[in-house]
Amino acid sequence: MLGRLGVLAFATLALAACDGGSSRQIRAVGSSTVYPFTRAVADAFVKAKEGRKEPSIESTGTAAGIRGFCEGAGYTFADIANASRRMRRSEFDKCQANGVGDILEIPIGLDGIALAESNAGPKLQLSRKDIYLALAANPRGKPNTARTWRDVNPKLPAVPILVMGPPPTSGTRDAFVELILEPGCLEAMPEAKELKAAADPALFDNACRRVRSDDAFVEKGEDDNLIVQGLTQNPNALGIFGYSYLEENLNRLHGVPIDGVAPAYDAIASGKYPGVRTLYLYVKKRHLKAVPGLEDFLNLYATMWAPGGPLAKHGLIALPQKVRDRSAEAIQLGLPLDATALP
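Since this is a predicted model, take the numbers as computed values, not measurements.

**Let's talk about the pairing of strand E2 (residues 56-59)**
Pairing of strand E1 (residues 27-30) with E2, which is carried by 4 bridges, proceeds in the parallel orientation. Note that in E2 the partner of glycine 30 across the bridge is serine 59. In terms of handedness, the path from E1 via helix H2 (residues 35-48) over to E2 forms a crossover that is right-handed.

In structure tokens:
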């Protein structure tokens, strides 16, 4: 249930919608990976009709964005959470405890967790096992002492390991651990399967999911452009970010093949690339009618995510037609998320 202040705030917001709501922006918070896509839709939204107020789009990281989104419903709370991973059941439960109510889950496209280096770099080709042995805090259960790529694989050059990536609050970091680090651990450490099935998940997390925190892995915050800048300044470094940031900077960066597959549109769309993930919007159903223009904004999003559409030019990889149709239907009918499916 909404508290008294939340009810009053939401009533105010609903009244604002009735008389034009010129003072209320559409508000989206969350993923730095989804940010450029939602920003592009916001720009198109304003251009499509004179007098529309520009939506507020904040790049805060997926975890922080969902946390803010779930603080409540009403005038002072965000309408949309941009997410580069799926909402967790614990996050959904927090939303419900704060009176958010029904939530729409809208998959908007695919992305790849890209490792990239400068075009002047050493042209590394890595496996998930190589990446695990280089970046896990405790590979095979022991503290990581690797200093160069040759330390993890004698076929690789003796280039110092320096990888710039996102912080733990980032959905990209979560996806990197799930899609790259953990499979690399299972390959490098056969007994990890038993650890994963054990009653104490901390043992598996310690060996397979923790990222090292020394100078070999440098957190660059939620602004992926800082990683791009860092790669141009240090040709021997690698960076971790969403595919769209690689595509926008191909004049100075290239993708590092993982298990023989380079991050590219077709490889991600087909699922051949190891680091494929789905990107999402989460929307408060209560805000659909109350927030001026929110439904129009979401419907515009659905027209822009098709293959070859405006968002493809920003690096968004289209979902299969059936999934896009379901996403559009969720917007049009206000279909709420089934929380039982959440991790």
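After that view of the structure, there is still more to cover.
**Some remarks on the packing of aromatic side chains**
Scanning all chains against the criterion turns up 5 aromatic pairs. Between tyrosine 280 and tyrosine 282, the aromatic rings sit 5.8 Å apart at their centres with planes inclined by 25 degrees, giving stacked as the arrangement. Owing to a relative accessible area of 11%, tyrosine 280 belongs among the buried residues under this scheme. With 6.2 Å between their ring centres and 50 degrees between their planes, tyrosine 301 and tryptophan 305 make a pair best called tilted. Owing to a relative accessible area of 3%, tryptophan 305 belongs among the buried residues under this scheme. In textbook terms, an aromatic cluster arises when at least three aromatic residues are bridged by ring pairs, as seen for Phe45, Phe297, Tyr301 and Trp305. Its end group placed over the ring of tyrosine 75, arginine 24 keeps NZ or CZ at 5.7 Å from the ring centre.

**Focus on helix H14 (residues 294-304)**
Each α-helix turn comprises 3.6 residues. Residues three or four places apart therefore point the same way. Considered for burial, the residues of H14 that qualify are Leu294, Phe297, Leu298, Tyr301, Ala302 and Met304. One side of H14 holds all its buried residues, which, seen down the axis, span an arc of 165 degrees. For H14, the secondary structure elements touched by its buried residues are H2, strand E3 (80-83), strand E4 (103-118), strand E9 (276-284), helix H13 (285-290) and helix H15 (321-333).

**Let's talk about the packing of H2 against H14**
Contact geometry of H2 with H14 gives a least axis separation of 10 Å together with a crossing angle of 115 degrees. As the angle between them shows, H2 and H14 are arranged roughly perpendicular. Crossing geometry of H2 relative to H14 is assigned as right-handed. Taken together, the residues of H14 that come into contact with H2 (itself represented by Phe37, Thr38, Ala40, Val41, Ala42, Ala44 and Phe45) are Asp296, Phe297, Leu300, Tyr301 and Met304. Classifying every residue of the contact of H2 with H14 gives 10 nonpolar, 1 polar and 1 charged.

**A closer look at the state of the cysteines**
Put plainly, a disulfide is one covalent bond tying together the sulfur atoms of two cysteines. Summed over the entire model, instances satisfying the criterion amount to 2 disulfides. The disulfide that involves cysteine 70 links it to cysteine 95, with 1.9 Å between the sulfurs. Here the disulfide of cysteine 70 and cysteine 95 is left-handed, its torsion about the S-S bond being about -75 degrees. Taken together, the positions of cysteine 70 in the loop between helix H3 (62-69) and E3 and cysteine 95 in helix H4 (residues 89-97) put the pair 25 residues apart, joining distant regions of the chain. For the pair formed by cysteine 70 and cysteine 95, the shared burial category is buried. The disulfide partner of cysteine 185 is cysteine 208, and the S-S distance across this bridge is 1.9 Å. Of this pair, cysteine 185 sits in helix H7 (residues 171-188) while cysteine 208 sits in helix H9 (residues 201-209), and the two are 23 residues apart along the sequence. Among the residues examined, cysteine 208 registers a relative accessible area of 0% and is labelled buried. Described in terms of the sequence order of its bonded cysteines, the disulfide pattern of the chain is 1-2, 3-4.

**Quick notes on the nonpolar core**
Among the nonpolar cores identified, the biggest contains 56 residues, and Leu115, Leu126, Leu135, Trp149, Ile161, Phe176 and Phe241 are the most heavily contacted of them. Ranked by residues supplied to this core, first place goes to H7 with 8 residues. Those residues in contact with tryptophan 149 that lie beyond four places of it in its chain are Leu124, Leu126, Asp130, Ala134, Leu156, Pro157, Val159, Pro160, Ile161, Val163 and Leu238. If you look at the next biggest cluster of nonpolar residues, it comprises 29 residues, including Ile106, Ile108, Val283 and Leu294.

**Concerning unusual backbone geometry**
A positive phi angle is found at arginine 140, which is not glycine, with a value near 55 degrees. In this fold, arginine 140 is placed in the loop between helix H5 (128-135) and helix H6 (149-152). Classification of arginine 140 as partly exposed rests on a relative accessible area of 43%. Unusually for a residue other than glycine, aspartate 259 sits at a positive phi of about 50 degrees. In this fold, aspartate 259 is placed in the loop between strand E8 (253-255) and helix H12 (265-270). Accessibility expressed as a relative area gives 33% for aspartate 259, which makes it partly exposed.

Analysis parameters
Throughout this document, residue positions are counted from 1 along each chain, in the order its sequence is written. Local features in this predicted model are restricted to residues whose pLDDT is 70 or higher, and side-chain atom pairs enter the listing and the counts only when it is 80 or higher, whereas totals over whole chains, interfaces and linings include all residues. To get the side-chain values, take all heavy atoms of the structure and skip hydrogens and water. Only strands joined by at least two bridges in the DSSP assignment are considered to pair. A run of H or I in DSSP becomes a helix once it reaches four residues, and a run of E becomes a strand once it reaches two; helices and strands are each numbered from the N terminus. A clockwise path from the first strand over the helix to the second, with the strands pointing away from the viewer, defines a right-handed crossover. Aromatic pairing here means that ring centres of Phe, Tyr or Trp (its six-membered ring) are within 6.5 Å. Orientation follows from the plane angle: under 30 degrees is stacked, over 60 is edge-to-face, and everything else is tilted. Think of it in three bands: with a 1.4 Å probe and only protein chains considered, a residue is buried below 20% of the maximum accessible area for its type, exposed above 50%, and partly exposed in between. Think of it as a cone above the ring: NZ of Lys or CZ of Arg counts as a charge over the ring if it is within 6 Å of the ring centre and within 35 degrees of the ring normal. Comment: arc refers to directions from the helix axis out to C-beta atoms. Any two residues having at least one pair of non-hydrogen atoms within 4.5 Å are treated as being in contact. To define axes, lines are fitted to C-alpha atoms, for helices over the stretch in contact only, and angles between the resulting N-to-C directions are given on a 0 to 180 degree scale. Note on angle classes: values under 35 degrees are labelled roughly parallel, values over 145 roughly antiparallel, values of 65 to 115 roughly perpendicular, and the remainder oblique. Left-handed describes a crossing whose near helix is turned anticlockwise from the far helix by less than a right angle; the clockwise case is right-handed. Gly counts as polar in this scheme, as do all residues outside two lists: the nonpolar Ala, Val, Leu, Ile, Met, Phe, Trp, Tyr, Cys and Pro, and the charged Asp, Glu, Lys and Arg. The rule for a disulfide is simple: a pair of cysteine sulfur atoms within 2.5 Å. The criterion is simple. A nonpolar core is a set of buried Ala, Val, Leu, Ile, Met, Phe, Trp, Tyr and Cys residues joined through side-chain atoms within 4.5 Å.

Scope: geometric values only; no functional claims are made or implied.
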